[in-house]
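If you want the building blocks of each chain, they are given just below.
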Amino acid sequence: MGDFKINSVTCKAPVNIAVIKYWGKRDTKLILPLNSSVSFTLCTEHLCATTTAAVSPTFKQDQIWLNGEKIENSRLTACLKEIRRRARKRKSVSDNDTDDNIPLEMLNWNVHICSKNNFPTAAGLASSAAGYACLAYCLAKLFKVEGNISDIARLGSGSASRSMFGGAVQWDMGWDSSGSDSIARQLYQHTHWPELKVVILVVSDQQKKVSSFSGMQGSVETSELLQYRIKHCVASRLDAVVNAIGNKDFETFAVNTMKESNQFHAVCLDTYPPISYLNDTSHTIQNLVHSFNKYHQCAKVAYTFDAGPNATLYMLEESVDLFINIVQHYFPPSSSTIGEPFVRGLPVNLIDNIDENLLNLKSIPTTPGAIKYIINTAVGSGPEVVMDPNESLLGEDGLPKEYKESSQH
């Protein structure tokens, strides 16, 4: 194998789900948004990206593998370039090689990066946010880059900037043309609102037909509603949501979150040609949430949909068991999914005595197999270093452990 040195770091980074949406860029190269956005970071135990980054003088070139496939991506390259620039800048003002510094020659070595998600990629579950956040965080740890690096994650994917922190996070649009003030910041830690839970209904785990990148550019170029939304709607709704989170006011939070989701998808339909990320099951889930809230005469569940048909539902802990039981009633698993867990993540209690009025909603047809599975999770903390060397995705030779043969061909 040869006697050479490989320095490596493995990290995990979370998914975040926006309640105030980012849709549209004012600068496509620097990925500067048209408006600020707000999200909750989810628990890495149930949804995360894992990345191992290694550097060695023996690596012939920078190489990146995603979910077992070798890829080339200009946005990944941009993140790596900026990390190296900051590492060189930090090195230039330091004249010692202490434990918190790196050898100068290491900045010229090539890097191997291997990343994987524990959930479907490009299916509207914010996989790019987790992936690029994990990449930036991992590289920063490898090259000893400190400070707020959400702007580096942003170069990969705009929403990745919000995955650099746990809890409730705001990505400020910023005003500077350089993008220096377009960074994410934590509004509240993940422990701020412990009763708030998250349930994801996975309607499709297939790659969406229209990517977020091309979809939002189409909206910027053709949607009049997008321009109206930016000028008249987003700022006040963002303030309302942030205040509701701070006050743990679920009613206000829920109403504004759902209105925001609906307006986002109205913008997609106003785009020419129109974009429809939701499907019939998505609309049925919306109807179920509104019927559930009407039954309780207040908002108990809030839905939000990103660029895909999968529903992210926010609710207080007291509603989780009942609502998931009702979802299972209307959307039972198909026979083909028997043997795989339909409800994943946190445990859910079976409820026998559900009111018949909730089980016989005329507007909600029973549709077996329409939901592939359910993820019951919670708000979580931000990226973290994985200390167990066995969890490294790269072997001692710097190649992916699970895909060495295919990677070397």
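Structure: see above.
What comes next is a walk through the structure. Predicted, not measured: the structure shown is a model, and the values here were computed from it.

Reading guide: rules and limits
- Residues numbered from 1 in each chain as written.
- Predicted model: local features only at pLDDT ≥ 70, side-chain atom pairs only at ≥ 80, totals over all residues.
- Heavy atoms only, no water.
- Helix = DSSP H or I, 4+ residues; strand = E, 2+ residues; numbered from the N terminus.
- Rg over C-alpha atoms; globule rule 2.2 N^0.38 Å.
- Buried < 20%, exposed > 50% of the residue type's maximum accessible area, 1.4 Å probe, protein only.
- Contact = heavy atoms within 4.5 Å.
- Pairing = 2+ DSSP bridges.
- Axes fitted to C-alpha atoms, helices over the stretch in contact; angles between N-to-C directions.
- Polar contact = N/O pair within 3.5 Å; in protein donor to acceptor, adjacent residues only side chain to side chain.
- Disulfide = S-S within 2.5 Å.
- Salt bridge = Lys/Arg side-chain N within 4 Å of Asp/Glu carboxyl O.
- Phe/Tyr/Trp six-rings, centres within 6.5 Å; stacked < 30°, edge-to-face > 60°.
- Left-handed = near helix turned anticlockwise from the far one by under 90°.

What to know about the overall build of the protein
Along the protein, the regular secondary structure elements total eleven helices and 17 strands. The C-alpha radius of gyration computed for the protein amounts to 22 Å, which stays within 12% of the reference 22 Å derived for 409 residues, consistent with globular compactness. Classification of the 409 residues of the protein by burial places 55% in the buried group. Contacts in the protein between residues at least 24 apart in sequence constitute 78% of all its contacts with a sequence separation of at least 6.

Here's the deal with the sheet that holds strand β5 (residues 37-41)
Taken in spatial order, the four strands of this open sheet run β2-β5-β10-β11, and their pairing is antiparallel. The sheet is open, and its two edges are formed by β2 (16-20) and β11 (184-188), each paired on a single side. For this sheet, the mean inter-axis angle between neighbouring strands, taken without regard to orientation, is 35°.

Here we look at the side chain of arginine 237
Among the structural elements, arginine 237 can be located in helix α6 (residues 234-247). Given the relative accessible area of 13%, arginine 237 is considered buried. A polar contact is formed between the side chain of arginine 237 and the side chain of glutamine 263, at a distance of 3.3 Å. In this structure arginine 237 touches Ile20, Arg229, Asn256, Lys259, Glu260 and Gln263, once residues within four positions along its chain are discounted.

Topic: the state of the cysteines
For the coordinates displayed, the defined rule picks out zero disulfides. Looking at cysteine 138, it has no disulfide partner, and the nearest cysteine sulfur is the one in cysteine 11, 3.8 Å off. According to the relative accessible area criterion, cysteine 138 is buried, its value standing at 0%. Cysteine 233 supplies the cysteine sulfur nearest to cysteine 268, a cysteine that is in no disulfide, at a spacing of 15 Å.

Here we look at the pattern of salt bridges
One pass over the structure, following the stated rule, counts 13 salt bridges. Residues aspartate 306 and lysine 21 are paired through a salt bridge, measuring 2.5 Å at the closest nitrogen-oxygen approach. In this pair, aspartate 306 is assigned in the loop between β13 (301-305) and β14 (311-316) and lysine 21 in the loop between β2 and β3 (25-27), connecting sequence segments 285 residues apart. A relative accessible area of 17% means that aspartate 306 is categorised as buried. Among the ionic pairs, arginine 344 bridges to glutamate 340, the shortest N-O distance being 3.7 Å. One network of salt bridges, in which partners are shared, links Glu82, Arg85, Arg86 and Asp151.

A look at the sheet that holds strand β9 (residues 110-117)
What the six strands build is an open sheet, ordered β8-β7-β9-β6-β1-β17; its pairing is mixed. Each edge of the open sheet carries a strand with a single partner, namely β8 (69-71) and β17 (384-385). Summarising the sheet, strand β7 (residues 63-66) and β9 pair through four bridges and their orientation is parallel. Bridging from a neighbouring strand, leucine 66 pairs with serine 115 of β9. Packing against the sheet, helix α2 (residues 127-142) makes contact with β1 (7-14), β6 (48-56), β9 and β17, and its axis sits at approximately 145° to β1.

Some remarks on the packing of aromatic side chains
Here the distance between the centres and the angle between the planes together describe a pair of aromatic rings. Applying the stated criterion across every chain yields a total of eleven aromatic pairs. Both rings, one in phenylalanine 40 and one in phenylalanine 253, keep their centres 5.9 Å apart while their planes meet at 75°; by these two values the pair is edge-to-face. Residue phenylalanine 40 is found in strand β5, and its partner phenylalanine 253 is found in helix α7 (residues 250-270); the two are separated by 213 residues along the sequence. Given a relative accessible area of 0%, phenylalanine 253 falls into the buried group. Aromatic side chains phenylalanine 40 and tyrosine 314 sit 5.6 Å apart centroid to centroid with 50° between the ring planes, which places their arrangement in the tilted category.

Description of the packing of α6 against α7
Packing of α6 against α7 brings their axes to within 9 Å, and their N-to-C directions diverge by 145°. The way α6 lies across α7 gives a crossing that is left-handed. On α7, the residues touching Arg237, Ala240, Val241, Ala244 and Ile245 of α6 are Thr252, Phe253, Asn256, Lys259, Glu260 and Gln263.

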